[in-house]
Amino acid sequence: MATNSKKYNSKQVFIDKLEAAIDAESTLSNCCNHLFVLMHEGKIRSEFKKFSDIAKDNIKILTDYLKEAGVQDFILEKKCEYCKINPESFSLEGSVKLGIEIIDACIKLYKKLEELSSETESKNLFQSLVKEKSNQKNFLNKEYETIEEIKESNSIIDLHCIPTVASRLGK
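Since the structure is predicted, the reported quantities are computational estimates derived from the model, not experimental observations.

Caption draft 1: Seen up close, the overall build of the protein chain. In terms of helices and strands, the protein chain carries four helices and zero strands. Secondary structure elements in the protein chain, listed N-terminal to C-terminal, are α-α-α-α. Here the protein chain holds 171 residues, and 32% of them are scored as buried. Within the protein chain, contacts between residues separated by at least 24 positions form 81% of all contacts whose residues are at least 6 apart in sequence.

Spelled out as structure tokens, the structure:
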């Protein structure tokens, strides 16, 4: 009897994690699509669109897995449907940080799902999703580093050059 209870609990944990992964992908899709709309140019704009499209595909795959696990009544909760990020409050740095945080959550969920999976096919799927999300995170980390370098170079000019030049102009 304890073995059946243990199997049920591990199956329920798997289902819970799978539902959380679907929610995370939905959040990523909605958020990245909204950020894509807010941006006007740059490689990162097209990457956010790709991330959103990939997340939509992942939702379909994960929902199929959920159905195979016996869940027929899952309703996707659109947690970020009413995003408060407006064009005037948009920050590229903040967007990249947000993307990294959401992708981190996805990676953790997929690693846990891989651990909980007993089938090779499922393990392979979750490994590939971890790899996909790791590549996305690496891209965003590089973008974040570039943003930080630009901020640092601007602050050097702001802190040193501009005051020095301005002080000379007054003499």
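The rest of the description comes next.
Caption draft 2: Quick peek at the pattern of salt bridges. Counted according to the given criterion, the structure contains six salt bridges. Residues E115 and K112 are paired through a salt bridge, measuring 3.7 Å at the closest nitrogen-oxygen approach. With E115 and K112 both in helix α3 (residues 92-116) and three residues apart, this pair spans about one turn of that helix. Three or more residues are tied together by salt bridges with common partners; here these are E25, E132 and K133.

Caption draft 3: Examining the layout of surface pockets more closely. Each pocket or cavity is described by its volume, and for the largest pocket that value is around 330 Å³. In terms of lining residues, the largest pocket is bounded by twelve residues, among which K11, F14, A69, S118 and E119 are the most central. Of all the elements in the fold, those that place two or more residues in the lining of the largest pocket are α1 (2-38) and α2 (43-68). Of the residues forming the lining of the largest pocket, the biggest block, four residues, is contributed by α1.

Caption draft 4: Representation of the packing of aromatic side chains in the model. Taken as a whole and judged by the stated rule, the model has five aromatic pairs. Between Y65 and F126, the ring centres sit 5.9 Å apart and the planes meet at 55 degrees, which makes this aromatic pair tilted. Within this pair, whereas Y65 is found in helix α2, its partner F126 is found in helix α4 (residues 120-169), the two being separated by 61 residues in sequence. Between the aromatic rings of Y110 and F126, the centroid separation amounts to 6.3 Å while the plane-to-plane angle is 20 degrees, which identifies the pairing as stacked. Residue Y110 is located in helix α3, and its partner F126 is located in helix α4; the two are separated by 16 residues in the primary sequence.

Caption draft 5: Examining the environment of A55 more closely. When you line up the elements, A55 lands in helix α2. Judged by its relative accessible area of 0%, A55 is buried. Between the C-alpha atom of A55 and that of S26, which follows or precedes it by 29 residues, the distance is 6.8 Å. Aside from chain neighbours lying at most four places away, what touches A55 is E25, L28 and S29.

Caption draft 6: Just the nonpolar core, in detail. Core analysis: the biggest nonpolar cluster contains 39 residues, and L18, F48, L62, Y110, F126 and L140 have the highest contact counts within it. Per-element accounting of this core gives the leading share, twelve residues, to α1.

Caption draft 7: The side chain of S52, seen in detail. Within the fold, S52 resides in helix α2. At 2.9 Å, the side chain of S52 and the backbone oxygen of S29 are in polar contact. In this structure, S52 is in contact with S29, C32 and N33, ignoring residues within four places of it in sequence.

Criteria and thresholds
Residues numbered from 1 in each chain as written. Predicted model: local features only at pLDDT ≥ 70, side-chain atom pairs only at ≥ 80, totals over all residues. Heavy atoms only, no water. Helix = DSSP H or I, 4+ residues; strand = E, 2+ residues; numbered from the N terminus. Buried < 20%, exposed > 50% of the residue type's maximum accessible area, 1.4 Å probe, protein only. Contact = heavy atoms within 4.5 Å. Salt bridge = Lys/Arg side-chain N within 4 Å of Asp/Glu carboxyl O. 1 Å grid on protein atoms, 1.4 Å probe; cavity = no way out; pocket = protein on both sides within 12 Å on 5 of 7 lines; lining within 4 Å. Points joined across faces, edges and corners; volume = space filled by probe spheres on them. Phe/Tyr/Trp six-rings, centres within 6.5 Å; stacked < 30°, edge-to-face > 60°. Core = buried A, V, L, I, M, F, W, Y, C linked by side-chain atoms within 4.5 Å. Polar contact = N/O pair within 3.5 Å; in protein donor to acceptor, adjacent residues only side chain to side chain.

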